[in-house]
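Structural overview
In case you want the letters, here they are:
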Amino acid sequence: MRFRPATFVAVLAACVSSASAQDMPLGDVLIEDEAWVKVAEGYKFTEGPAVDAGGNVYFSDIPNNRIYKHDVASSKTNVFVENSGAANGLMFGPGGKLYACANGNRKIVAYDSSGAATTIADEVDSNDLVVTRDGAVYFTDPKNSRVWYIDPQGKKRIADRGIERPNGIILWPDQQTLVVADSAGKNLWAFRIEDDASLTCKQPYYTLALAPGQTASRADGMTVDTAGRVFCTSFLGLQMFDPTGRLSGVIAKPQPGSLSNVVFAGPKLDTLYVTAGDKVFRRKTKAHGLRYTDPPPAPVAPAKRAAKR
C-alpha cells in the first residue's frame, strides 16, 4: 500500500494493522515468572543474532573474529565460521544464506550452509543489515552517517545521509517501511520504501527512553514481531514500541552494560535472544517474531481498518 508523502506521517501507523490504535503494554509480551536465561558465555563481544529456518541462533563475536551457531534443541553452541572479517550484524536471507557485515574486510558477504562466503559488496563500511525477501540489502554505515542499499544483482548505492550514527536497522512486517536506530541520539528513524527501493518521508518516528543524564541512547540492533511492535536494544534495556511509535516500556537487561542486538528465535519464534557483552541470553514471550523470507502478511481489509479508527 502506497501513500503520498504529505500524508505519510498521518497514516504511517495505519499501514501495519488496526491493532496499532490499541494499547500494547509489556504485559502483552512478557510472561509472568519468566526471566532472562543465560545460554552462552565466554566471548569478548557478542553481536548480530540471526535466526535460521529451524529457529537456531547465529551470532558473532567481533573481537574473536568468529560466527557461532547456537542449536536451540540441544542448547549447544559451536563455531560456524572462523576468520569472519570481524563480522557484526547478521541476518538470514533467501536460499538459507546468512548475510554478514564483515566490516573488518570492508565487505558484505553471504554464507551458505557450509560456511563458504560469497561477496555481495566490497569497499564499504558497515555495522548492521536487513535482507528483504527478494534478496536486497539495506545496511548502516555509522562511520560515514549513511544508509546503503544493495539490489538483488549486487549493485550498491547510498540510500540516506545525515543520521548522526546509524546503527541497528530493521523492516516493518510488510517490508514497506525501514527503521534505522541512531545510537548517538534518541530516535529511531522511519522511511517509506518506494517501488524503486529509494527511501523517502524520513521521520524520527520513535523516541527512546534515556538513562538520567544521558543524551545518547546507544540504540543498537532491533527486531519486530508479527503485531508490528519494534524491539530495540539500548543502554537502558530492551525498549518496546507499538506500531504507532509509542514506547510501551523497557524490558530490564539481564546484566549491567549495554545490549547490542536482539532476535526472535526458537521453533515457534516466541523467544527473545539478546547479545549482551560476553554473553547471550534468552527469554520466552507471548509474542512471535517473523522471517523476512516468508510471504508478506495478509493486508488488513480497508473496511475493517476504517471501522476501528
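Residues numbered from 1 in each chain as written. Predicted model: local features only at pLDDT ≥ 70, side-chain atom pairs only at ≥ 80, totals over all residues. Heavy atoms only, no water.

**Details of the overall build of the protein chain**
Applied cut-off: Per the convention used, a helix needs a DSSP run of H or I reaching at least four residues, while a strand needs a run of E reaching at least two, with both numbered from the N terminus. Exposure categories follow from relative accessible area, calculated using a 1.4 Å probe and restricted to protein chains: below 20% of the type maximum is buried, above 50% is exposed, and the middle band is partly exposed. Here, two residues are considered to be in contact whenever any of their heavy atoms come within 4.5 Å of each other. Accessible surface area values rest on a Shrake-Rupley calculation with a 1.4 Å probe, where residue burial reflects the displayed protein chains alone.
Tallying secondary structure elements over the protein chain gives 2 helices and 24 strands in all. Buried residues in the protein chain amount to 55% of all 309 residues. Contacts in the protein chain between residues at least 24 apart in sequence constitute 49% of all its contacts with a sequence separation of at least 6. Summed over its atoms, the accessible surface of the protein chain is roughly 13000 Å², and 49% of this surface lies on carbon and sulfur atoms.

**Considerations on the sheet that holds strand β22 (residues 261-265)**
Heads up, the condition is: Two strands make a pair as long as DSSP finds a minimum of two bridges between them. Axes here refer to lines fitted to C-alpha atoms; in helices the fit is confined to the stretch in contact. Angles between the N-to-C directions go from 0 to 180 degrees.
Taken together, 4 strands build an open sheet; the order of strands is β1-β24-β23-β22 and the sheet is antiparallel. Single-partner strands in this sheet number two, and they are β1 (37-41) and β22. For this sheet the average axis-to-axis angle between neighbouring strands, irrespective of direction, equals 25°. Sheet topology places β1 next to strand β24 (residues 279-284); 4 bridges connect them, and they run antiparallel. Counted as the bridge partner of K38 is F281 from β24.

**Quick look at the pairing of strand β19 (residues 230-233)**
Along β19, one buried face is formed by V230 and C232 and the opposite face, lined by F231 and T233, is buried too. Examined bridge by bridge, strand β18 (residues 222-224) and β19 share 3 bridges and lie antiparallel to one another. Looking at β19, one finds that T223 is bridged to F231. Counting the residues in the hairpin turn of β18 and β19 gives 5 residues, including G228, whose phi is positive at 90°.

**Describing the nonpolar core**
Stated precisely, the cut-off is as follows: Side-chain atoms within 4.5 Å are what join buried Ala, Val, Leu, Ile, Met, Phe, Trp, Tyr and Cys residues into a set we call a nonpolar core.
Among the nonpolar cores identified, the biggest contains 44 residues, and V130, Y138, L178 and L188 are the most heavily contacted of them. For Y138, the contacting residues outside a window of four places in its chain are D128, L129, V130, T132, W148, Y149, I169, L178, I193, A197 and L199. In terms of nonpolar packing, the next biggest core, distinct from the first, is built from 16 residues, V29, F231, I251 and A287 among them.

**Concerning the environment of G104**
Structurally, G104 can be placed in the loop between β7 (98-102) and β8 (107-111). A C-alpha to C-alpha distance of 9.1 Å links G104 and N88, two positions 16 residues apart in sequence. Apart from residues lying up to four places away in sequence, G104 is in contact with G85 and A86.

**Points about unusual backbone geometry**
Positive phi, close to 50°, is recorded for A86, a residue that is not glycine. With a relative accessible area of 22%, A86 lands in the partly exposed category. Phi at A197 is positive, roughly 75°, even though this residue is not glycine. Inspection of the secondary structure assignment puts A197 in the loop between β16 (187-193) and β17 (199-207).

**What about the packing of aromatic side chains?**
The test is simple: Only the six-membered ring of Trp is used, alongside the rings of Phe and Tyr, when aromatic pairs are assigned; centres must lie within 6.5 Å, and planes under 30 degrees apart are stacked while those over 60 apart are edge-to-face, with the rest tilted. Geometrically, a charge over a ring is one whose NZ (Lys) or CZ (Arg) sits within 6 Å of the ring centre while staying within 35 degrees of the ring normal.
Within this structure, the stated rule accounts for 12 aromatic pairs. Taking the centre distance of 5.9 Å and the plane angle of 5° together, the rings of F139 and W148 count as stacked. Note on accessibility: F139 and W148 belong to one class, buried. Look at Y206 and F241: their rings are 5.2 Å apart centre to centre, the planes differ by 70°, and that puts the pair in the edge-to-face class. Here F241 lies in strand β20 (residues 238-241) and Y206 lies in strand β17, a separation of 35 residues in the sequence. Considered together, Y206 and F241 belong to a single accessibility category, that of buried residues. Feature note: the residues Y58, F80, F92 and Y111 constitute an aromatic cluster, connected by ring pairs. In this arrangement the basic side chain of K253 is found over the ring face of F235, its NZ or CZ atom lying 4.0 Å from the centre. The cationic tip of R283 hangs over the ring face of W36; the distance from NZ or CZ to the ring centre is 5.6 Å.

**Here we look at the pattern of salt bridges**
Inclusion rule: The salt bridge criterion pairs a side-chain nitrogen of Lys or Arg with a carboxyl oxygen of Asp or Glu, the two atoms within 4 Å.
Taken as a whole and assessed by the stated rule, the structure comprises 11 salt bridges. With its nearest N and O atoms 2.8 Å apart, the salt bridge here joins D242 to R246. On the accessibility criterion, D242 (2% relative accessible area) is buried. For D278, the salt bridge is made with K279, and the minimal N-O distance between the two is 3.1 Å. Among the charged side chains, a salt-bridge network with shared partners connects R106, E123 and D125.

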